[in-house]
Amino acid sequence: MDEITLFPQPRELERKTGGFTLNRHTRVFAADSAIGATLADYLRPATGFDLPVHPLDDDILSNAQNAILLAPEASDDAEGYRLEVEPGRALLSASQRAGFLHGMQTIRQLLPQQILASETQAGVDWTIPGVVINDSPAFGWRGIHLDVGRHIFPVAFIKKFIDMLAFYKFNTFHWHLTEDQGWRIEIKKYPRLTEVGAYREETVVAGAWDQYDGASYGGFYTQDEVREVVAYAAERGITVMPEIELPGHAVAALTAYPELGCAGAGYRVRTTWGIAEDIFCAGKDAVFSFVNDVLGEVLELFPSQYIHIGGDEAPKARWQACPACQARIQAEGLADEHELQSWFIRQIEAWLNERGRNLVGWDEILEGGLAPNATVMSWRGSDGGIAAANAGHDVIMTPNTYCYLDYYQTEDTESEPPAISAILPLRQVWQYEVIPRQIAADKRHHILGGQGNIWTEYMPQSDHVEYMMFPRAIAIADVLWHHPDERDYDALIARLGRHLPALDVMGVNYRPLND
Ligand code: ACM
Ligand code: ZN
């Protein structure tokens, strides 16, 4: 029997003899016709079969042959599924749509890799090998983050990216929409955010800190495009969590509306990378009206329960020198600028909570005291996540030491395209243990899961994003989905060796397994 290779690996897989061969007379039976149609849509392009979708009943469930059956099953496991493939039929059962979608990705990966082609493939034997699979994820939060502030990518690529997340059973796309170098989301009430804030005059040349390319750069997503992306993702079981950076990483917004900064003038959308001293003023009430208005439009666009408000890398120099910020510290009885940042975040959290949403912030939101209901995204290693979980807060783990996909993939950086000066080989990603030992046993449930982060300073083109993402994001998917006890790297490489041609069929770039 041929080896079965699935990413992520299912929790339980039992191989059976034989298999089920699809042909143009195969029928799909589904209790939910929309779910059946999704499967037929996945199978149509490569097979050329236009499989009809019929309602499912008990007789069909027991007796139908040459059929794929999508059967509801009572379970409180929202993302789990069971797949049984035997000669004559494949039975996929799940309690919810998310489980069916994951099971469909498993079916796609079990079929010959040509199934992933967008055009009809001649002469392929479309056999799904005989299996019994019982599957469900180890972690409920499985995400990938993409920074579109430093470089923006077309909606067509964002959709391809979402397709890849779904293929690997991620469930969250963290869309980092605002930065010092560009504001990327249309906000109707503040048109200058995109008229002015979406464009920079030029961009620093990679690897040459004093040279600039002299070329204006920018762009943004209209609200219609955002809706299109959110709907596309939802159809594929992916939640899009937006990030609006506060109070730092805000120079593009300050260039559009300088009155929102402490100095009130003199801003320019950044043309180089790094951390900016200029951040939103915490003393001016106008900043909070602005933030609430912006977030109001964001909530209309994104049904996500979680809204990310940044919180990282906000230097305090401007607040120290600003009379309005100092007056706020006095009036609120705060000890210092760190407590002022916490006060800032608490205002936003209260506003979001009143509207039924949860705030997520990078681990700097711990400094000066955590907002009461905040979820922490631990990125400077795991310490922030450990402190937050032990204090009873939910945590999403994205430590740069295991999850930063903008880092070089090998020590031999000379042979790679330019990247930020840190190294994270696949071997290390694969060693990632999501729950740090320092978290007390009764606090472990606060670790919701993890995600890989893609910062794009050095990735002007989408094929470069793919190159940095793969195969490392596949290892992250494996870790978050089944979190194996044993992490045999040679076995991972052997599995990837069999699997990576699937990316070639889908036209997805990746770093080859050459060291
Ligand atoms: C971050 O990498 N600044 C969250
Ligand atoms: Zn100020």
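A quick note: this is a predicted structure, and the numbers were derived from the prediction, not measured.

**Student:** Even after reading the chapter, I still don't get the overall build of the protein chain, so can you show me in this structure?
**Tutor:** Within the protein chain, the regular secondary structure consists of 18 helices and 23 strands. Taking 2.2 N^0.38 as the reference for a compact globule, 515 residues should give roughly 24 Å; the C-alpha atoms of the protein chain span a radius of gyration of 24 Å, in line with that estimate. Looking at the protein chain as a whole, 58% of its 515 residues qualify as buried. Put simply, of all contacts in the protein chain between residues at least 6 apart along the chain, 71% involve residues at least 24 apart. When the accessible surface of the protein chain is summed, it comes to about 19700 Å², and 47% of that surface belongs to carbon and sulfur atoms. Each charge sign in the protein chain was given a centre, from 41 positive and 72 negative side chains, and these centres are 2 Å apart.

**Student:** Would you mind going over a negative patch on the surface with me for this structure?
**Tutor:** Side chains of D485, E486, D488 and D490 sit close together on the surface and give a patch of like negative charge. Structurally, D490 is set in helix α17 (residues 489-499). The exposed category is assigned to D490, whose relative accessible area is 60%.

**Student:** Is there a simple way to think about the coordination of the zinc ion (ligand 2) in this case?
**Tutor:** Geometry reference: four tetrahedral donors at a metal, ideal angle 109.5 degrees. Six octahedral donors, ideal angles 90 or 180 degrees. Protein-derived coordination of the zinc ion (ligand 2) comes from C262 (SG), C281 (SG), C322 (SG) and C325 (SG), at a distance range of 2.3 to 2.4 Å. Of note is the zinc ion (ligand 2), whose 4 donor atoms meet at the metal with angles of 103 to 114 degrees in an arrangement that counts as tetrahedral. In the primary structure, the donors to the zinc ion (ligand 2) are separated according to the pattern C-x18-C-x40-C-x2-C. With C262 in the loop between α7 (251-256) and α8 (285-301) and C281 in the loop between α7 and α8, this residue pair connects regions lying 19 residues apart in the sequence. In this structure, C262 and C281 share a single accessibility class: buried.

**Student:** Teacher, can you tell me more about the pattern of salt bridges here?
**Tutor:** One side chain can pair with another of opposite charge once the charged atoms of both are near each other. This model, assessed by the stated rule, comprises 28 salt bridges. In this structure, the salt-bridge partner of R150 is E457, at a minimum N-O distance of 3.5 Å. With R150 in the loop between β8 (141-147) and α4 (155-167) and E457 in the loop between β23 (447-454) and α15 (462-469), this residue pair connects regions lying 307 residues apart in the sequence. The exposure classification of R150 matches that of E457, with both residues buried.

**Student:** I tried to follow the sheet that holds strand β3 (residues 53-55) on my own but got confused; where do I start?
**Tutor:** Pairing between the strands of a sheet comes from backbone hydrogen bonds, and it takes one of two forms, parallel or antiparallel. Strands sit in the order β1-β7-β5-β6-β4-β2-β3 across an open sheet of 7 strands; the sheet is mixed. What marks the edges here is a single partner per strand, and that holds for β1 (12-21) and β3. Ignoring strand direction, the axes of neighbouring strands in this sheet form an average angle of 20 degrees. In terms of strand pairing, strand β5 (residues 81-86) meets strand β6 (residues 89-94) through 5 bridges, oriented antiparallel. Bridge pairing in β6 links L83 to L92. Those strands touched by helix α1 (residues 33-47) are β2 (27-30), β3 and β4 (67-72), and its axis lies near 145 degrees from that of β4.

**Student:** Whenever I open this one, the packing of aromatic side chains confuses me. Can you help?
**Tutor:** Each aromatic ring pair is specified by the distance between its two centres and by the angle formed by the two planes. Overall, the coordinates contain 21 aromatic pairs when judged by the stated rule. With a centroid separation of 6.0 Å and an interplanar angle of 15 degrees, the aromatic rings of W379 and Y404 are classed as stacked. In this pair, W379 sits in the loop between β19 (375-378) and α12 (383-390) while Y404 sits in the loop between α13 (400-403) and β21 (407-408), placing the two residues 25 residues apart along the sequence. Accessibility classification places W379 together with Y404 in one group, the buried group.

**Student:** What exactly am I supposed to notice about the pairing of β4 here?
**Tutor:** On a regular strand, one side chain projects to one face of the sheet and the next to the other, so that they alternate. Within β4, 5 of the 6 residues are buried, leaving the element largely enclosed by the surrounding structure. Note that β2 and β4 share 4 bridges and pair parallel. Bridging from a neighbouring strand, R27 pairs with A67 of β4.

**Student:** Would you explain the confidence of the model for the protein chain in this entry?
**Tutor:** Any residue range with low pLDDT should be treated as having predicted coordinates unsuitable for detailed reading. Per-residue confidence for the protein chain gives a mean pLDDT of 97, with 100% of residues at or over 70. Ranking the helices and strands of the protein chain by mean pLDDT puts strand β9 (residues 172-176) first, with 99, and strand β14 (residues 208-212) last, with 89.

**Student:** Can you walk me through the sheet that holds strand β20 (residues 395-397) in this structure?
**Tutor:** Judged by pairing direction, the barrel is parallel, and its 8 strands sit side by side in the order β8-β9-β16-β17-β18-β19-β20-β23 before closing back on the first. If you compare each strand with its neighbour and ignore which way they point, the axes differ by 30 degrees on average. Across 3 bridges, β20 lies against β23 in parallel orientation. Considered in β23, the bridge of M397 is made with G450.

**Student:** Any chance you could explain the side chain of R89 here in plain terms?
**Tutor:** With respect to the helices and strands, the residue R89 is situated in strand β6. Salt bridges are absent for the buried R89, whose nearest opposite-charge side chain, E86, sits at 4.4 Å. There is a polar contact of 2.8 Å between the side chain of R89 and the backbone oxygen of L61.

**Student:** Quick question: what am I supposed to make of the packing of helix α10 (residues 323-332) against helix α11 (residues 337-354) here?
**Tutor:** Pairs of packed helices are described in terms of their axes, by the angle between the two and the distance that separates them. α11 packs onto α10 with a crossing angle of 80 degrees between their chain directions and a minimal axis gap of 10 Å. With respect to α11, the element α10 is oriented roughly perpendicular. On the side of α10, the interface is formed by C325, Q326, R328, I329 and E332, while α11 contributes E337, L340 and W343. Here the contact of α10 with α11 is built from residues that sort into 4 nonpolar, 1 polar and 3 charged.

**Student:** Is there a simple way to explain α8 in this structure?
**Tutor:** Since there are 3.6 residues in each turn of an α-helix, residues three or four apart along the chain are aligned in direction. Between its first and last C-alpha atoms α8 spans 25 Å; for 17 residues at 1.5 Å apiece the expected length is 24 Å, and the two agree. Regarding α8, the residues found buried are V287, F288, F290, V291, V294, L295, E297, V298, L299 and L301.

**Student:** Got a minute to help me understand the pairing of β19 in this structure?
**Tutor:** Across the two faces of β19 the burial is the same, with T375 and M377 and V376 and S378 all buried. As paired strands, strand β18 (residues 358-362) and β19 are joined by 3 bridges and run parallel to one another. Opposite G361, over in β19, you have V376 as the bridge partner. Of the strand pairs in this sheet, β19 and β20 are connected by 3 bridges, and their pairing is parallel.

**Student:** Is there a simple way to think about the environment of V124 in this case?
**Tutor:** By the secondary structure assignment, V124 is in the loop between α3 (97-110) and β7 (127-135). Distance in space between the C-alpha atoms of V124 and E235 is 28 Å, their sequence separation being 111 residues. For V124, the residues in contact, after removing those within four places along its chain, are P112 and Q114.

Rules used in this analysis
- Residues numbered from 1 in each chain as written.
- Chains lettered and ligands numbered in written order.
- Predicted model: local features only at pLDDT ≥ 70, side-chain atom pairs only at ≥ 80, totals over all residues.
- Heavy atoms only, no water.
- Helix = DSSP H or I, 4+ residues; strand = E, 2+ residues; numbered from the N terminus.
- Rg over C-alpha atoms; globule rule 2.2 N^0.38 Å.
- Buried < 20%, exposed > 50% of the residue type's maximum accessible area, 1.4 Å probe, protein only.
- Contact = heavy atoms within 4.5 Å.
- Areas by Shrake-Rupley, 256 points an atom, 1.4 Å probe, with all protein chains shown as cover.
- Lys, Arg positive; Asp, Glu negative; His and termini not counted.
- Charge placed at Lys NZ, Arg CZ, Asp CG, Glu CD.
- Patch = residues over 30% accessible without salt bridge, like charges linked within 9 Å, V, L, I, M, F, W, Y side chains within 5 Å.
- Salt bridge = Lys/Arg side-chain N within 4 Å of Asp/Glu carboxyl O.
- Donors = N, O, S within 2.8 Å, 3.2 Å for Na, K, Ca; no water.
- Tetrahedral: all angles 85-135°; square planar, octahedral: opposite > 155°, others 65-115°.
- Pairing = 2+ DSSP bridges.
- Axes fitted to C-alpha atoms, helices over the stretch in contact; angles between N-to-C directions.
- Phe/Tyr/Trp six-rings, centres within 6.5 Å; stacked < 30°, edge-to-face > 60°.
- pLDDT = per-residue confidence, 0-100.
- Polar contact = N/O pair within 3.5 Å; in protein donor to acceptor, adjacent residues only side chain to side chain.
- Parallel < 35°, antiparallel > 145°, perpendicular 65-115°, else oblique.
- Nonpolar A, V, L, I, M, F, W, Y, C, P; charged D, E, K, R; others polar.
- Expected span 1.5 Å × (residues − 1).

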